[in-house]
Amino acid sequence: MSETPDPRSQLVELLPRIRAFAISLCGHREQADDLVQETLVKAWSHIESFQPGTNMIAWLFTILRNEFYSTRRKRRHEVPDVDGEMAATLASLPAQEDHIAFQEFRTALLTLSDDYREALLLVGASGLSYEDAAQICGCAVGTVKSRVHRARDQLGRLLSGNASRPAA
Amino acid sequence: MCRYVPNSSGSASRRGGQEKCMSPKHQGMPRRDVLTQPNTEADEASALNPAVQDHIGQYLRHLYDSIAQEPVPDRFVELLADLERKQRERK
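Residues numbered from 1 in each chain as written. Chains lettered and ligands numbered in written order. Predicted model: local features only at pLDDT ≥ 70, side-chain atom pairs only at ≥ 80, totals over all residues. Heavy atoms only, no water.

### As for the overall build of chain A
Right, so step 1: Secondary structure assignment for chain A yields seven helices and zero strands.
Right, so step 2: Listing the helices and strands of chain A from first to last along the sequence gives α-α-α-α-α-α-α.
Right, so step 3: Burial statistics for chain A: of 168 residues in total, 51% are counted as buried.
Right, so step 4: Of the contacts made within chain A by residues no fewer than 6 positions apart, 67% connect residues no fewer than 24 positions apart.
Right, so step 5: Total accessible area computed for chain A in this model is approximately 8000 Å², and 51% of it derives from carbon and sulfur atoms. (Helix = DSSP H or I, 4+ residues; strand = E, 2+ residues; numbered from the N terminus. Buried < 20%, exposed > 50% of the residue type's maximum accessible area, 1.4 Å probe, protein only. Contact = heavy atoms within 4.5 Å. Areas by Shrake-Rupley, 256 points an atom, 1.4 Å probe, with all protein chains shown as cover.)

### What to know about the nonpolar core
Right, so step 1: Counting residues in hydrophobic clusters, the biggest one holds 65 residues, and the most contacted among them are Leu40, Phe105 and Leu109 of chain A.
Right, so step 2: When neighbours within four sequence positions are excluded, Phe105 of chain A is seen to be in contact with Leu155 and Leu159 of chain A together with Ile56, Tyr59, Leu60 and Leu63 of chain B. (Core = buried A, V, L, I, M, F, W, Y, C linked by side-chain atoms within 4.5 Å.)

### Considerations on the packing of helix α1 (residues 11–26) of chain A against helix α2 (residues 29–45) of chain A
Residues and elements named next belong to chain A.
Right, so step 1: At their nearest, the axes of α1 and α2 sit 9 Å apart, and the two run at 135° to each other. The pairing of α1 with α2 is recorded here as oblique in orientation. Between α1 and α2 the crossing geometry is right-handed. Facing Leu11, Leu15, Ile18, Arg19, Ala22, Ile23 and Cys26 of α1, the residues of α2 in contact are Arg29, Gln31, Ala32, Asp33, Leu35, Val36, Leu40, Ala43 and Trp44.
Right, so step 2: Of the residues that constitute the contact of α1 with α2, the class distribution is 12 nonpolar, one polar and three charged. (Axes fitted to C-alpha atoms, helices over the stretch in contact; angles between N-to-C directions. Parallel < 35°, antiparallel > 145°, perpendicular 65-115°, else oblique. Left-handed = near helix turned anticlockwise from the far one by under 90°. Nonpolar A, V, L, I, M, F, W, Y, C, P; charged D, E, K, R; others polar.)

### Overview of helix α6 (residues 130–137) of chain A
Right, so step 1: Inspection of α6 of chain A places Asp132, Ala133, Ala134, Ile136 and Cys137 of chain A among the buried residues, and these make up the whole buried set.
Right, so step 2: Phi turns positive one or two residues past the end of α6 of chain A, at Gly138 of chain A, with a value near 65°.

### Describing the confidence of the model for chain A
Residue and element names in this part refer to chain A.
Right, so step 1: Looking at chain A, the pLDDT average stands at 85 and 80% of residues meet or exceed 70.
Right, so step 2: Confidence scores differ between elements of chain A, with helix α4 (residues 96–111) showing the lowest mean pLDDT of 85 and α6 the highest of 97.
Right, so step 3: The model gives residues 164–168 a pLDDT under 50, and that stretch makes one contact with residues more than four places away or in other chains. (pLDDT = per-residue confidence, 0-100.)

### Re the pattern of salt bridges
Right, so step 1: Applying the stated criterion across every chain, the model contains 14 salt bridges over all chains.
Right, so step 2: Residue Arg19 of chain A is joined to Glu70 of chain B by a salt bridge in which the shortest nitrogen-to-oxygen separation is 3.1 Å. One end of the pair, Arg19 of chain A, is in helix α1; the other, Glu70 of chain B, is in the loop between α4 (50–68) and α5 (74–90), on a second chain.
Right, so step 3: Each of the salt bridges in this network shares a partner with another, and the network as a whole consists of Arg19, Arg29 and Asp33 of chain A together with Glu70 of chain B. (Salt bridge = Lys/Arg side-chain N within 4 Å of Asp/Glu carboxyl O.)

### Some points on the packing of aromatic side chains
Two descriptors summarise a pair of aromatic rings, namely the distance from one centre to the other and the angle between the planes of the rings.
Right, so step 1: Overall, the coordinates contain six aromatic pairs over all chains when judged by the stated rule.
Right, so step 2: With a centroid separation of 4.4 Å and 35° between ring planes, the pair formed by Phe21 of chain A and Phe61 of chain A is classed as tilted. Placement of the pair is Phe21 of chain A in helix α1 and Phe61 of chain A in helix α3 (residues 56–74), with a sequence separation of 40 residues. You'll find Phe21 of chain A and Phe61 of chain A in the same group, each marked buried.
Right, so step 3: With a centroid separation of 6.1 Å and 20° between ring planes, the pair formed by Phe102 of chain A and Phe105 of chain A is classed as stacked. Note that Phe102 of chain A and Phe105 of chain A are positioned in helix α4 at a spacing of three residues, about one turn of the helix. Per residue, the accessibility class of Phe102 of chain A equals that of Phe105 of chain A, and both read buried.
Right, so step 4: By the ring-pair criterion, three or more aromatic residues cluster together here, those being Phe102 and Phe105 of chain A together with Tyr59 of chain B.
Right, so step 5: The side chain of Arg8 of chain A reaches across the aromatic face of Trp44 of chain A, ending 4.9 Å from its centre.
Right, so step 6: One cation-aromatic arrangement involves Lys145 of chain A over Tyr130 of chain A; the distance from NZ or CZ to the ring centre is 5.4 Å. (Phe/Tyr/Trp six-rings, centres within 6.5 Å; stacked < 30°, edge-to-face > 60°. Lys NZ or Arg CZ within 6 Å of the ring centre and 35° of its normal.)

### Observations concerning the confidence of the model for chain B
Residue and element names in this part refer to chain B.
Right, so step 1: Chain-level statistics for chain B give a pLDDT mean of 67 and a share of 48% at 70 or above.
Right, so step 2: Contacts from residues 1–27, a stretch scored under 50 in pLDDT, to residues over four places away or in other chains number 38 contacts.
Right, so step 3: Throughout residues 37–43 the model reports pLDDT below 50, and contacts reaching past four residues in sequence, or to other chains, amount to four contacts.
Right, so step 4: Interface scoring of the predicted complex returns ipTM 0.80; its pTM is 0.75.

### Regarding α4 of chain B
Right, so step 1: With 19 residues, α4 of chain B should reach 27 Å at 1.5 Å per residue; the first-to-last C-alpha distance of 27 Å fits that figure.
Right, so step 2: For α4 of chain B, the N-terminal capping position is held by Asn49 of chain B, with its side-chain oxygen 2.7 Å away from the main-chain nitrogen of Ala51 of chain B. (Expected span 1.5 Å × (residues − 1). Polar contact = N/O pair within 3.5 Å; in protein donor to acceptor, adjacent residues only side chain to side chain.)

Written out as structure tokens, the structure reads:
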């Protein structure tokens, strides 16, 4: 290893994970891909603020969530697209029954507060450590733990609640 | 291509597809019947029921994996190529 490779060369391979976080976080594909685009441009032009040897995906997620919240502030009047087109295009959806349950899960996920949803996605789906997630969200590790716990609690409640209602 | 495995249990569920008792279409996806089990306890208790929580974990990973396995849209490949070209021109 003669020269340190440009960290920008990692962006392509990290793209699928960046998109997965963006789409799960905002629940709307078009908005999510705009977020991804902004994230890539910012990451590219501010690459000097990335410390080599640290977790690049955590750095990218930080840019993305900051972008998400600033866009959200501008679009405060818009509600999240709970019944959006996201699931319709998801690959390899299983049997119809499971499809319905999965749709309910997605809807429930988008009804969580942004704080709870992002904590759950970072730790429960993206596999980041509580420490990385805390750094991304700009809060204490204990706060992330409690948000993940409450998010799971609320989701469990919502899904159990749906299940106990008679089918429409 | 671009397959992302978030953690070991994600890949375990994929390997699970080769087990004889599990049909591939149910790979990584919880069965609805677990969530529709009658709740004899108050919602309070069922919310953190380990089976329900286990399925929430599987759903989360399924959501992520399905998106991460999609081909990367051309617009991003083009964008990165464009940024790189501009960078080279500046040098």
